Amino acid sequence: MDRLVSTSRLFPGHMRADVQAGVDRLFSGSPLRFFGIYEEHRYETLNFAALTRDGRNAHAIAPAQYHDVDVGESEPVKCLENGLWLCRTDDDLRYAVVLSSHREYSREAGTRIEIAVPAGAEGAEFAQRCFAELERAVNDARSYRGKVLSLDVDRGYSGRTRGIMVHKVPLVRRDDVILPEATLKLLDRNVLEFVGNRQKLRELGQSTRKGILLYGPPGTGKTHTIRYLASNLPGHTTLIITAAQVGALAQYMSLARLLQPAMVVIEDADLAARDREQMSSACDEVMLNELLNEMDGLKQDADILFVLTTNRPEQLESALASRPGRIDQAIEVPVPNEIGRKKLVQLYGRGLPLSDAIVGEAAQRTEGVSAAFIKELMRRVAQASIARDGGKTVESPDISQALDDMLFTGGKLNVKLLGGAREMARA
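A few points on the structure. (Residues numbered from 1 in each chain as written. Predicted model: local features only at pLDDT ≥ 70, side-chain atom pairs only at ≥ 80, totals over all residues. Heavy atoms only, no water.)

A few words now on the overall build of the protein. From N to C terminus, the protein includes 16 helices and 15 strands. The proportion of buried residues among the 427 residues of the protein is 44%. Of all intrachain contacts in the protein linking residues separated by at least 6 positions in sequence, the fraction that spans at least 24 positions is 70%. Accessible area for the protein stands at about 22000 Å²; split by element, carbon and sulfur atoms hold 49% of it. (Helix = DSSP H or I, 4+ residues; strand = E, 2+ residues; numbered from the N terminus. Buried < 20%, exposed > 50% of the residue type's maximum accessible area, 1.4 Å probe, protein only. Contact = heavy atoms within 4.5 Å. Areas by Shrake-Rupley, 256 points an atom, 1.4 Å probe, with all protein chains shown as cover.)

This is the structure we're talking about:
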């Protein structure tokens with residue numbers, strides 16, 4: 001044993017799917033032997049030295065233990081809990097590889113790879129080549145690149161994460177975004193066209209990072225707009241951060257740098273970046289400062305796009321909202337106008353036999369409401385139509401009944417909950 005030397009590397013636990021891919025390429029092709037290992041004490045990190053023990057403390061050979069990791073494909077990636085490979089190179093260099101989970105209290109478990117080789121330059125060079133290959137696999141991040149992601153944050157609000165969640169987001173075309181044409185053009189210029197011109201901007205010495213603020217009343221389509229951007233940014237990875245996850249911002253930004261070009265979406269930004277005078281604790285200010293530092297700390301050539309959303313733009317901290325370089329463009333996502341309301345009625349009632357008169361009436365009677373309100377309205381219209389004749393026709397009383405339930409029978413609170421107009425809520 002004193003003629004062996006072991007070296008280890010620790011990789012982030014949430015990147016274990018890519019580590020596994022690298023391990024499979026390097027060691028799983030034709031090992032002399034492979035063993036799963038029974039770990040009696042899960043709080044200890046398994047290493048090569050521990051495997052040399054005998055007697056009552058010896059580790060036992062066990063079936064290989066895997067867990068499935070969802071990477072957004074048809075099949076999950078099977079990742080080993082632990083394993084021991086005994087291998088030999090074409091040059092007859094014998095070596096051993098140990099894969100295990102590195103466990104440390106209050107921190108995310110990492111994936112530990114240890115390589116034991118004979119002492120000497122040949123073994124040391126071989127081990128370094130293997131680690132370089134594993135690092136390339138993690139940096140390539142093929143399992144997650146170009147997808148819509150969020151971190152599975154520990155419910156203890158410690159900022160720890162248990163892994164990466166891949167969101168299956170439906171494709172959203174431009175025609176599916178019901179916004180005023182001027183708003184859509186502003187969005188396209190500041191996001192899609194900006195991304196398309198990044199290389200030219202870089203050649204001219206201009207920054208390739210950007211910050212966008214989407215603001216407007218609840219239910220007007222800010223989340224839908226995010227899906228449109230994610231669908232139309234080829235090669236970009238989208239990271240979704242809710243206000244409750246800002247504690248994991250550092251990990252999100254590490255992931256964004258790794259997976260760039262990336263779009264980092266911070267939902268309900270006013271909850272994490274409210275005006276300092278409205279903060280209730282030191283923790284609020286710490287989160288704000290961390291957000292500002294991350295947005296400032298990016299290099300000018302970082303291909304990272306920040307998109308913040310809020311229902312209350314007036315509550316945003318001025319250091320964030322009023323400084324170019326953090327937020328470069330604010331874009332209002334307003335309640336739909338009459339043309340937009342007609343399109344929404346047709347979109348959400350596409351399975352119903354809607355006449356032009358019914359579409360016009362529904363649009364005319366919903367002035368000032370949100371897109372979410374119209375979506376619920378059309379569901380109730382469909383329900384009324386089904387109750388009358390199985391959904392074969394839609395009549396004016398169907399609209400009246402649905403609006404009566406949504407605006408009047410349920411009271412003012414119901415109007416607010418469903419995204420009705422403020423004038424309706426005050427009526």
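With respect to the helices and strands, K222 occurs in helix 6 (residues 222-231). Buried within the structure, K222 lacks any salt-bridge partner; D268 is the closest side chain of opposite charge, at an N-O distance of 7.0 Å. A polar contact of 3.0 Å, which involves the side chain of K222, links it to the backbone oxygen of G216. A distance of 2.9 Å separates a polar side-chain atom of K222 from the backbone oxygen of P217. Beyond its immediate sequence surroundings of up to four residues, K222 is in contact with L214, Y215, G216, P217, T309, T310, N311 and V333. (Lys, Arg positive; Asp, Glu negative; His and termini not counted. Salt bridge = Lys/Arg side-chain N within 4 Å of Asp/Glu carboxyl O. Polar contact = N/O pair within 3.5 Å; in protein donor to acceptor, adjacent residues only side chain to side chain.)

On to the environment of L4, then. Mapped onto the elements of the fold, L4 is located in strand 1 (residues 4-11). Its relative accessible area of 38% is what places L4 among the partly exposed residues. A sequence separation of 116 residues divides L4 from G120, and the C-alpha atoms of the two residues are 9.1 Å apart. If near-sequence neighbours (up to four positions away) are discounted, L4 is found in contact with F48, V117, P118 and A119.

Our focus in this paragraph is the sheet that holds strand 2 (residues 33-38). Strand order across the open sheet formed by six strands is 1-8-7-6-2-3, with antiparallel pairing between neighbours. Because the sheet does not close on itself, it has two edges, and the strands there are strand 1 and strand 3 (60-62). Going from strand to strand, the sheet's axes swing by 30° on average, the running direction of each strand aside. The sheet contact formed by strand 1 and strand 8 (residues 110-118) spans eight bridges and is antiparallel. Looking at the pairing, V5 lines up with V117 of strand 8. (Pairing = 2+ DSSP bridges. Axes fitted to C-alpha atoms, helices over the stretch in contact; angles between N-to-C directions.)

As for its position among the elements, T366 is in the loop between helix 12 (356-364) and helix 13 (371-389). On the basis of relative accessible area, T366 is assigned to the buried category, the value being 1%. Among the polar contacts listed, one links the side chain of T366 to the backbone oxygen of A362, at a separation of 2.7 Å. Beyond its immediate chain neighbours, meaning those up to four positions away, T366 contacts R341, F373, I374, L377 and L403.

Before going further, it helps to spend a moment on a negative patch on the surface. On the surface, a cluster of negative charge is made up of D90, D91, E122 and E125. Residue classification places E122 among the partly exposed residues on the basis of a relative accessible area of 48%. (Patch = residues over 30% accessible without salt bridge, like charges linked within 9 Å, V, L, I, M, F, W, Y side chains within 5 Å. Charge placed at Lys NZ, Arg CZ, Asp CG, Glu CD.)

Inspection of every chain in the model, using the stated rule, returns 20 salt bridges. Here D389 ties to R388 by a salt bridge, and the two come within 4.0 Å at their closest N and O atoms. The partly exposed category is assigned to R388, whose relative accessible area is 35%.

The biggest cluster of nonpolar side chains holds 53 residues, and the ones touching the most others in it are I113, I115, Y144 and V264. Filtering out sequence-adjacent residues up to four positions away, V264 remains in contact with L239, I241, M253, A256, I304, L305, F306 and V307. The next biggest cluster of nonpolar side chains, apart from the first, holds 23 residues, and it includes V172, L184, L229 and V333. (Core = buried A, V, L, I, M, F, W, Y, C linked by side-chain atoms within 4.5 Å.)

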